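Read off the chains here:
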Amino acid sequence: MANITPIKKETHQNIKIAAERDLAHVANQHIAPITAPEYSQAATSYPVIIVKDQGTERYRSVVMLGLEASENLYHKKDSWNAVYIPQSISMAPFSLGVDPDKEKTLTACVDLDSKFVGEDKENALFDDEGNFTDFCKGVQDSLGRLYDNEVVNEKFIKELVDNDLLLELELHINLASGETKKLVGLYGIDEKKVQALSDDKVLDFHKRGLFIPIHAMLGSAGQINRLAQLRNLSESTAKVNAIRFAPVTTEAEK
């Protein structure tokens, strides 16, 4: 269990963070949050998709790390099979949380139970005078950028929803065994509706830079083949023969 707590000099004066940290905490994670400002970089390695939280109407964007729950095809014991690592997972053992001393204020937090945290590690959070070290200031800056990116992402997804640009998808997987699987609850961007946007809307989207994440997400769909390749190179016996995204069709469309 994680023990996430706001960083305070009164209680964390002697806490230090390991200089070398791995990504073992997501070894069994098949998706990871991603924000719109990251799409272009993420699209070079991962399929970028949108999912909807169960029981709510809230959409969020993620990268696919595996083809089934608890499968991470990018994680290896001593390496990561992609150049870009999503901000949401690279910040461990740090995260943003609510400051108990300041209402509605976010602050930097640390997981005290993480194997990267301890008094015997290399990077101190506070100096001898009780001031934040440059290392800790760098962490706070990175968390601040992550928060800003999450705000941008919320606005971007709202634009997609408000302009009816989301397309519900299914992922069809044909296994070498002859078995077929279908993943549902996925959303992408409807390219036809993007092309049908009015001239005024196109100009508006262009000026606000919205086409950058739109085209990045559309282009990332091809990375599903990378997931199939990584599965086939892994020790899994469920090898993939074919894989593709397909729009969900309604009864009226069939």
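Participant: An account of the overall build of the protein is needed here, citing residue identities and associated values.
Facilitator: Regarding its fold elements, the protein presents 8 helices and 14 strands. Taking the principal axes of its C-alpha atoms as reference, the protein extends roughly 70 × 50 × 30 Å. Among the 254 residues that make up the protein, the fraction classed as buried is 41%. Partitioning the contacts of the protein with sequence separation of at least 6, the portion at a separation of at least 24 is 70%. About 14500 Å² of surface is accessible on the protein, with carbon and sulfur atoms providing 49% of the total. For the protein, the distance from the average position of its 29 positive side-chain charges to the average position of its 39 negative side-chain charges is 3 Å.

Participant: Account for the sheet that holds strand S11 (residues 123-124), naming residues and giving values.
Facilitator: Strands sit in the order S10-S2-S11 across an open sheet of 3 strands; the sheet is antiparallel. The outermost strands of the open sheet, each flanked by one partner alone, are strand S10 (117-118) and S11.

Participant: Go over the pattern of salt bridges, please, and point to the residues and values.
Facilitator: For the coordinates displayed, the defined rule picks out 13 salt bridges. A salt bridge links lysine 181 to glutamate 68; the nearest nitrogen and oxygen atoms lie 3.9 Å apart. Of the two residues, lysine 181 is situated in strand S13 (residues 180-189) and glutamate 68 in the loop between strand S5 (59-64) and strand S6 (75-76); the sequence distance between them amounts to 113 residues. The partner of glutamate 71 in a salt bridge is arginine 231, with the nearest N and O atoms 2.7 Å apart. One end of the pair, glutamate 71, is in the loop between S5 and S6; the other, arginine 231, is in helix H8 (residues 224-233), with 160 residues separating them in the sequence. There is no split in this pair, since glutamate 71 and arginine 231 are both buried. It is possible to trace a salt-bridge network through shared partners that takes in Asp53, Arg58, Arg60 and Glu154.

Participant: For the nonpolar core, give the residues involved together with the corresponding values.
Facilitator: Formed by 51 residues in total, the largest nonpolar core has its most connected members in Leu67, Trp80 and Phe156. With 5 residues, strand S12 (residues 166-175) is the single largest residue contributor to this core. Sequence-distant contacts of phenylalanine 156, that is, excluding residues within four places in its chain, are made with Ala36, Tyr39, Ile189, Leu210, Pro213 and Ile214. Val110, Val117, Phe126 and Val139 belong to the second-largest nonpolar core, a separate cluster that totals 14 residues.

Participant: Before we move on, could you go through a nonpolar patch on the surface and cite the residues and values that matter?
Facilitator: A contiguous nonpolar patch, built from Leu96, Val98, Leu106, Tyr147 and Val151 and spanning about 400 Å² of accessible area, is present on the exposed surface. Contributions of two or more residues to the nonpolar patch are made by strand S8 (94-98) and helix H4 (134-162). Relative to the helices and strands, leucine 96 is located in strand S8. We classify leucine 96 as partly exposed; its relative accessible area is 32%.

Rules used in this analysis
- Residues numbered from 1 in each chain as written.
- Predicted model: local features only at pLDDT ≥ 70, side-chain atom pairs only at ≥ 80, totals over all residues.
- Heavy atoms only, no water.
- Helix = DSSP H or I, 4+ residues; strand = E, 2+ residues; numbered from the N terminus.
- Buried < 20%, exposed > 50% of the residue type's maximum accessible area, 1.4 Å probe, protein only.
- Contact = heavy atoms within 4.5 Å.
- Areas by Shrake-Rupley, 256 points an atom, 1.4 Å probe, with all protein chains shown as cover.
- Lys, Arg positive; Asp, Glu negative; His and termini not counted.
- Charge placed at Lys NZ, Arg CZ, Asp CG, Glu CD.
- Pairing = 2+ DSSP bridges.
- Salt bridge = Lys/Arg side-chain N within 4 Å of Asp/Glu carboxyl O.
- Core = buried A, V, L, I, M, F, W, Y, C linked by side-chain atoms within 4.5 Å.
- Patch = residues over 30% accessible without salt bridge, like charges linked within 9 Å, V, L, I, M, F, W, Y side chains within 5 Å.

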